Amino acid sequence: MKRSKSILLFLLLSLTIALSGCGGDTKGNKGDNKESGNGTPIEDDTTAESNKTPVYGGSVIVGIQNDLDSLDPHKAKSAGTREVLFNMFEGLVKPDKDGNLVPAVAKDVIISKDGKTLSFPLRENVKFHNGAFVTVDDVIYSIKRCAGLLETSDPEVKVERALSCITSVEEYKTEDGKLGVQIKLNEANNDVVGYLTCAIIPKGYDQMSTKPVGTGPFKFVSYTPLQNLVMEKNPDYYVEGLPYLDQVTFKVSANTDSAMMALLAGNIDVYPYLTAEQANQLKDTYNIKKGAMNLVQGLYLNNAVEPFNNKLVRQAMCYAIDRQMILDMVADGNGTIVGTPIFPQFKKYYAAELADQYAYNVQKAKDLLSEAGYPNGFSFTITVPSNYQFHVDTAQVIVELLKQVGIDTKIQLVEWETWVNDVYAGRNYQSTIVGLDANMTPSNVCFRYVSTDPKNFINYSNPKYDEIYAKAIVEIDDNKKIEYYKQLQQLLSEDAASVYIQDAANIVALNKKLAGYEFYPLYVQDMSLVHYVE
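Note that the structure is predicted; figures quoted are calculated from it, not measured.

Visitor: Looking at this structure, how should I read helix H3 (residues 136–147)?
Guide: Compared with the 16 Å implied by 1.5 Å per residue over 12 residues, the 17 Å span of H3 between its first and last C-alpha is a close match. Within H3, the full set of buried residues consists of Val136, Asp138, Val139, Ile140, Tyr141, Ser142, Ile143, Arg145, Cys146 and Ala147. At its buried positions, H3 is contacted by strand E7 (166–173) and strand E8 (179–185). At the C-terminal side of H3, Gly148 shows a positive phi close to 70°.

Here is the structure:
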């Protein structure tokens, strides 16, 4: 990656010269394209695959950037872990590649008129990887575990806050006498179904953290910390014809350089989250596929520490950062500029107009800094997880951009576990660059900004926001719900809670003998559809 860094430094030098010569030009958004969110539309470079014959069997190696934080799906915290476990576990429902929630362990979803009762007839003859059939008791146990409703709880289990409205989970019989599960809520909440993607696991099984058992298309074989996780085909999977592959190995790359060495040597078959330059180096030996990451990369600001406890400073930061230039320099223009933590795949909930709220404006940034009491700027640190080259490169561009308004910025590179403990959990930082994902419910994005929420790691606080959020999560009328979520995004924009940059392009290197790789509207690697072709 030495070549990558040298090219970036050359571009940054050019950027500094260009901006210094602009004299505070207030029109910095190059290539404005409202239809694509001020970014270049994502195009897939691969040729059509429909005329190729799928082949069953074979194995692949998928490169990943983080080690897994848990094999127990109810304890997994990082998106990097969940994207792998997606292949072994399923909930009552699951997302498809188009962003729809479709039946999985359940065969249907029935919602009462008042929105307080959810009924799930269970799919028959679904087996766990250990050969046991899934029972109603297993489903009840799994949901209660995720909702924190078991009599004896495990403190490591990630209790889903959104499931706190559940009052009971019970067995029921359908009209044709089949068994199902019925969930009752203390208030209407149509977001709850989106959280019932939580994994169904065997009741009372006590080896989930070492020998996980689920219902997904692949089953666990082995796990070596910091090296790999191996899974194999589930021959009892209820979806006919899937999966194609016999074995999948998720290989942990120690750093970006080692991943590129493995790719250049042909030792990895699938590798997502490439930078544009990496993709250019690999385009002759791999098919390069492009999609959206469906997350929001941002410069996240700790609203509780100086100088970012000052709204004027945060607004100045928003004006001082040319997001189009970040896209152009880090991702060859691929990606979609956003002005909100909700990304475009949320469609009707997404406030696209906020992408233009803080058009790049050096003079406006300087004026706001002076008004805030920082006429000569200030110094601060961006803490960046070192294993994500994309975020590191973004930080380097931001350092140069902020020089134009008198802000001196230092980059602190940390390992992923340090980032999780110190920044996300400990909130011991000034700013950070990271991408935040969500499942397909807008509340799963917006809860992070509720003042009392433990995952509000930027320490944002606005009583009006809390009030509107409380209304949004219980609203049944979809039109009103859409309006509430757009109001929440508007508040975050007005307060400049953080600098939202982009829904980044997901550039994937794919072995030229493979097909079937799909992009999902959330952070997963679905290997059940991937196959070799003749």
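So much for the structure itself; the text now carries on.
Visitor: Help me understand helix H9 (residues 362–371) in this model?
Guide: At 3.6 residues per turn, the α-helix brings residues three or four places apart onto the same side. Among the residues of H9, Val362, Ala365, Leu368 and Leu369 are the ones counted as buried. Looking straight down H9, one finds its buried side chains confined to an arc of 130°; they lie on one side. In the core, the buried residues of H9 are packed alongside helix H7 (311–320). The distance from a side-chain oxygen at the start of H9 to the backbone nitrogen of Gln363 is 3.3 Å, and the residue carrying that oxygen is Asn361.

Visitor: It is not clear to me how the sheet that holds strand E6 (residues 117–121) should be interpreted in this structure. Could you clarify?
Guide: Strand pairing in a sheet relies on backbone hydrogen bonds. The paired strands run either parallel or antiparallel. Taken in spatial order, the 4 strands line up as E5-E6-E8-E7 in an open sheet, and their pairing is antiparallel. On the outer flanks of this sheet lie strand E5 (110–111) and E7, each paired with one strand and no other. Pairing analysis gives 2 bridges linking E5 to E6, with the strands arranged antiparallel. Within E6, the residue paired with Ile110 across the bridge is Ser119.

Visitor: Help me understand the nonpolar core in this model?
Guide: Here is a general trend for soluble globular proteins: nonpolar side chains tend to be buried in one another's company. Formed by 83 residues in total, the largest nonpolar core has its most connected members in Leu299, Tyr300, Met317, Ile398, Tyr449 and Tyr465. Top contributing element to this core by residue count: helix H10 (residues 389–403), with 7 residues. Apart from the residues lying within four places of it in its own chain, the contact partners of Met317 are Leu299, Leu301, Phe308, Phe378, Phe380, Leu402, Ile407 and Val499.

Visitor: What is the right way to look at the side chain of Ser142 in this model?
Guide: Tracing the backbone shows Ser142 in helix H3. Setting aside its immediate chain neighbours within four residues, Ser142 contacts His74, Ala199, Ile200 and Ile201.

Visitor: Honestly, the pairing of E8 in this entry has me stumped. Any pointers?
Guide: Summarising burial for E8: 5 of the 7 residues are buried, a large majority. Judged from the 5 bridges that link them, E6 and E8 form a sheet pairing that is antiparallel. Considered in E8, the bridge of Thr117 is made with Lys184. Bridge count for E7 against E8 is 7 bridges, and the pairing is antiparallel. From the neighbouring strand, Glu171 faces E8, where its bridge partner is Val181. Taking the residues between adjacent antiparallel strands as the criterion, E7 and E8 are bridged by 5 residues, where Gly177 takes a positive phi near 85°.

Visitor: Before we go on, may I ask you to explain the packing of aromatic side chains in this structure?
Guide: For any pair of aromatic rings, geometry is given as the distance between the ring centres together with the angle between the planes. Evaluated as defined, the whole model comprises 22 aromatic pairs. Measuring from ring centre to ring centre gives 5.7 Å for Tyr388 and Trp416, while their planes differ by 70°; the resulting arrangement is edge-to-face. Of this pair, Tyr388 sits in the loop between strand E16 (379–385) and H10 while Trp416 sits in helix H11 (residues 416–425), and the two are 28 residues apart along the sequence. Taking the relative accessible area as the measure of exposure, Tyr388 reaches 11% and is therefore buried. In this structure Trp416 comes out as buried when scored by relative accessible area, which is 19%. The rings of Tyr300, Tyr388, Trp416, Trp419, Tyr424, Tyr429, Phe457 and Tyr500 are connected pair by pair, giving a single aromatic cluster.

Visitor: Just checking my understanding: could you explain the side chain of Thr340 for this structure?
Guide: When you line up the elements, Thr340 lands in the loop between strand E15 (336–337) and H9. A distance of 3.1 Å separates a polar side-chain atom of Thr340 from the backbone nitrogen of Ile342. Those residues within four positions of Thr340 in sequence are excluded, and the remaining contacts are Val296, Tyr350, Ala351, Leu354, Gln489 and Tyr500.

Visitor: How should the packing of helix H8 (residues 323–331) against H10 be read in this particular structure?
Guide: Packed helices, taken two at a time, are described by the angle between their axes plus the distance between the axes. At a minimum axis distance of 10 Å, the contact between H8 and H10 shows a crossing angle of 135°. Relative to H10, the element H8 is oriented oblique. Pair H8 / H10 crosses with right-handed handedness. Residue-level inspection shows Met325, Ile326, Met329, Val330 and Ala331 of H8 in contact with H10, the latter providing Phe390, Asp393, Thr394, Val397, Ile398 and Leu401. By residue class, the composition of the contact of H8 with H10 is 9 nonpolar, 1 polar and 1 charged.

Visitor: Any chance you could explain the environment of Gly339 here in plain terms?
Guide: When you line up the elements, Gly339 lands in the loop between E15 and H9. Sequence-wise, Gly339 and Thr381 are 42 residues apart; in three dimensions their C-alpha atoms are separated by 22 Å. Beyond its immediate sequence surroundings of up to four residues, Gly339 is in contact with Arg323, Leu354, Ala355, Ser493 and Tyr500.

Visitor: Which parts of the structure should I look at to understand the pattern of salt bridges?
Guide: A pair can form between side chains of opposite charge whenever their charged atoms are brought close. What the rule picks out here adds up to 13 salt bridges. Two residues, Lys94 and Glu90, come together in a salt bridge whose shortest N-O distance is 2.9 Å. Salt bridges sharing partners connect three or more residues here, namely Lys75, Asp154 and Glu156.

Visitor: So what exactly am I meant to see when it comes to the packing of helix H13 (residues 463–474) against helix H14 (residues 478–494) here?
Guide: Across the interface, H13 lies against H14 with an axial gap of 9 Å and an inter-helix angle of 160°. As summarised for this structure, H13 and H14 are arranged roughly antiparallel, according to the angle between their axes. For the crossing formed where H13 meets H14, the hand is left-handed. In this structure, H13 uses Lys464, Tyr465, Ile468, Tyr469, Lys471, Ala472 and Ile473 to contact H14, whose residues at the interface are Lys481, Tyr484, Tyr485, Gln487, Leu488, Leu491 and Leu492.

Parameters and conventions
- Residues numbered from 1 in each chain as written.
- Predicted model: local features only at pLDDT ≥ 70, side-chain atom pairs only at ≥ 80, totals over all residues.
- Heavy atoms only, no water.
- Helix = DSSP H or I, 4+ residues; strand = E, 2+ residues; numbered from the N terminus.
- Expected span 1.5 Å × (residues − 1).
- Buried < 20%, exposed > 50% of the residue type's maximum accessible area, 1.4 Å probe, protein only.
- Contact = heavy atoms within 4.5 Å.
- Arc of directions from axis to C-beta.
- Polar contact = N/O pair within 3.5 Å; in protein donor to acceptor, adjacent residues only side chain to side chain.
- Pairing = 2+ DSSP bridges.
- Core = buried A, V, L, I, M, F, W, Y, C linked by side-chain atoms within 4.5 Å.
- Phe/Tyr/Trp six-rings, centres within 6.5 Å; stacked < 30°, edge-to-face > 60°.
- Axes fitted to C-alpha atoms, helices over the stretch in contact; angles between N-to-C directions.
- Parallel < 35°, antiparallel > 145°, perpendicular 65-115°, else oblique.
- Left-handed = near helix turned anticlockwise from the far one by under 90°.
- Nonpolar A, V, L, I, M, F, W, Y, C, P; charged D, E, K, R; others polar.
- Salt bridge = Lys/Arg side-chain N within 4 Å of Asp/Glu carboxyl O.

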